[in-house]
Amino acid sequence: MVTSSAPSETPIIPLSEALKQMARVTVLGAGAWGTALARLALSNGNQVQIWSRRGPSDLKSAVADADIVVSAISMKGVSALASQLQTAALKTSTILVTATKGLDPETTRTPSKIFRDTFPDNPIVVLSGPNLSKEIEAQLPAATVVASTDVDAAARVQQVYSSEMFRIYTSPDPVGAELGGTLKNVIAIAVGVCDGLKLGSNAKAALITRAIPEMLRVGVHMGAQVETFYGLSGLGDLLATCDGTLSRNYRVGYGLAQGKKLDDILAELGSTAEGVNTAHVLIDMANRDGIPVPIARQVHRLLRGVITPQEAVGNLMERQLKPEACDLRAKN
Ligand SMILES: NC(=O)c1ccc[n+]([C@@H]2O[C@H](COP(=O)([O-])OP(=O)(O)OC[C@H]3O[C@@H](n4cnc5c(N)ncnc54)[C@H](OP(=O)(O)O)[C@@H]3O)[C@@H](O)[C@H]2O)c1
Ligand SMILES: O=P(O)(O)OC[C@H](O)CO
């Protein structure tokens, strides 16, 4: 059954009623996630088309009649895509959903900020959560978050995408939702290294747990709400992505621990591992604004080939001793 958002006083919408509210959805990007998001919308009875820069349809006609446009391309293309969409004269009623997990290398903006700056009058919604596309494509149950300052837009996307296999929660914190999904990619690289070096369950638990205050510090700095990081788009995605080989970011770290070269690992993956770019952008921001990000800093140095995986572990273990309490304004 497809239901509306959660409060107990909110009535459940019967499936027959929900079917009357189907949407015209255009998904931008025909990669792993774009394809999965197109299938999910299609299987709910929506009218769906998928646009890719390599495909036959032009962007303007692909988005012309859309109620909802879902951007699911790699971070490196988001800024240019936003400009292209601007010339495509998107209707102001069209809801723009971003499902990309990354930071813009030029401006450090999140995708939702890029779309917000380019389309000030359109509703912008972030879709983010523990959503490994291979499991979604295998129709295994999953949950996610649609976050927006526009409550109605989030509820509309929730209604369009919710199914027996894809449970969707709304949130009022788009920046927090997308930062959870973005920052965990860097941590997944670190956890891949940890497993690749066979450092054990204690080390992995310590790494994932210590990642949380690090993600919180960046999130608070960028205007996110703390509690969002303890939900599906934060802790949930961190756990899913650090769990093993379905994550491409984890596989980057695992490969580095085996002594493989970064370029070779990325070539072998053949698809996007956003944590690599995110680590660079994050460290630029952390250096500029004085944000302590010890785990990301070691990942960044490892990706640049400045240190070995073993040195990264040593550098984290031998840091100055301190209390555990998470101070969001900590200096180290
Ligand atoms: N896969 C997942 O499990 C998953 C789940 C949640 C979120 N995400 C996020 O979704 C985003 C896409 O991931 P993915 O797994 O779909 O990656 P992918 O399989 O590597 O596909 C990337 C897509 O982005 C497109 N693209 C890349 N650069 C572009 C540009 N400059 N202009 C237009 N399109 C461009 C690619 O087009 P071409 O094919 O033409 O290169 C392709 O359609 C990432 O931010 C990822 O973190 C992924
Ligand atoms: O394969 P990854 O590491 O890009 O992770 C995919 C999704 O972000 C998991 O939610």
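Numbering of residues begins from 1 in every chain and follows the order in which that chain's sequence is written. Lettering for chains starts from A, numbering for ligands starts from 1, and both go in the order in which the items are written. pLDDT decides what is reported in this predicted model: residues at 70 or higher carry local features, side-chain atom pairs at 80 or more are listed and counted, and totals for whole chains, interfaces and linings draw on all residues regardless. Only hydrogens and water are removed before side-chain values are computed, so all heavy atoms of the structure are retained for them.

Per an unreviewed UniProt entry, the recorded name for the protein chain is Glycerol-3-phosphate dehydrogenase [NAD(P)+], and the organism is Adonisia turfae CCMR0081. UniProt positions are given in the numbering used here, feature names are shortened, and annotations may be inferred rather than shown by experiment. According to UniProt, the comment filed for the protein chain under the heading Pathway (unreviewed entry) is "Membrane lipid metabolism; glycerophospholipid metabolism." Its UniProt record gives the protein chain the following Subcellular location (unreviewed entry) comment, quoted word for word: "Cytoplasm".

J.: Before we go on, may I ask you to explain the environment of Gly180 in this structure?
T.: Relative to the elements of secondary structure, Gly180 occurs in helix 8 (residues 174-196). For Gly180, a relative accessible area of 0% puts it in the buried group. Distance from Gly180 to Leu235, taken between C-alpha atoms, is 7.6 Å for residues 55 residues apart in sequence. The helix count covers DSSP runs of H or I at least four residues long, the strand count covers runs of E at least two residues long, and both are numbered beginning at the N terminus. Exposure classes here rest on a 1.4 Å probe applied to the protein chains alone. A residue is buried below 20% of its type maximum, exposed above 50%, and partly exposed in between.

J.: Help me out: how do you make sense of the site of ligand 1 in this one?
T.: The nearness test applies per residue and asks whether one of its heavy atoms lies within 4 Å of the molecule or strand. Around ligand 1 sit 22 residues, and of these Arg53, Arg54, Arg248, Thr272 and Glu274 come closest. Counting of polar contacts relies on pairs of N or O atoms within 3.5 Å, with two restrictions inside protein: one atom must be capable of donating a hydrogen and the other of accepting it, and residues adjacent in sequence are counted only when both atoms are side-chain atoms. Between Lys101 and ligand 1, the recorded distance is 3.0 Å, taken from a backbone N or O atom to an oxygen atom. Ser133 is positioned with one of its backbone polar atoms (N or O) 2.8 Å from an oxygen atom of ligand 1. Burial of ligand 1 by the protein amounts to 85% of the accessible area it has alone, namely 890 Å². Every accessible area reported is derived by Shrake-Rupley at a probe size of 1.4 Å, with residue values counting cover from the shown protein chains alone.

J.: Sorry, what's going on with the UniProt feature "active site" (unreviewed entry) in the protein chain here?
T.: Here, UniProt's "active site" (unreviewed entry) annotation points to Lys184. Looking at the element boundaries, Lys184 is found in helix 8. With relative accessibility at 5%, the residue Lys184 sits in the buried group. With near-sequence residues (within four places) excluded, Lys184 lies in contact with Lys101, Met215, Asp237, Leu238 and Thr241. The contact definition used throughout considers only heavy atoms, calling two residues in contact when any of these lie within 4.5 Å.

J.: How should the sheet that holds strand 4 (residues 95-98) be read in this particular structure?
T.: Through backbone hydrogen bonds, the strands of a sheet pair up, either in parallel or in antiparallel fashion. Sheet architecture is open: seven strands sit in the order 2-1-3-4-5-6-7, paired in mixed fashion. With partners counted over all chains shown, the strands left at the sheet margins are strand 2 (47-51) and strand 7 (166-171), one partner each. Averaged over all adjacent pairs, the angle separating strand axes in this sheet is 25°, with direction ignored. Helix 7 (residues 151-161) rests against strand 1 (24-28), strand 3 (68-71), strand 4, strand 5 (124-128), strand 6 (142-147) and strand 7 of the sheet, and its axis sits at about 180° to strand 7. Axis lines are fitted to C-alpha atoms, over the contacting stretch for helices. Their N-to-C directions set the angle, which ranges from 0 to 180 degrees. Across the sheet, helix 10 (residues 232-241) lies against strand 5, strand 6 and strand 7, angled at about 145° from strand 6, the strand it touches most. Only strands joined by at least two bridges in the DSSP assignment are considered to pair.

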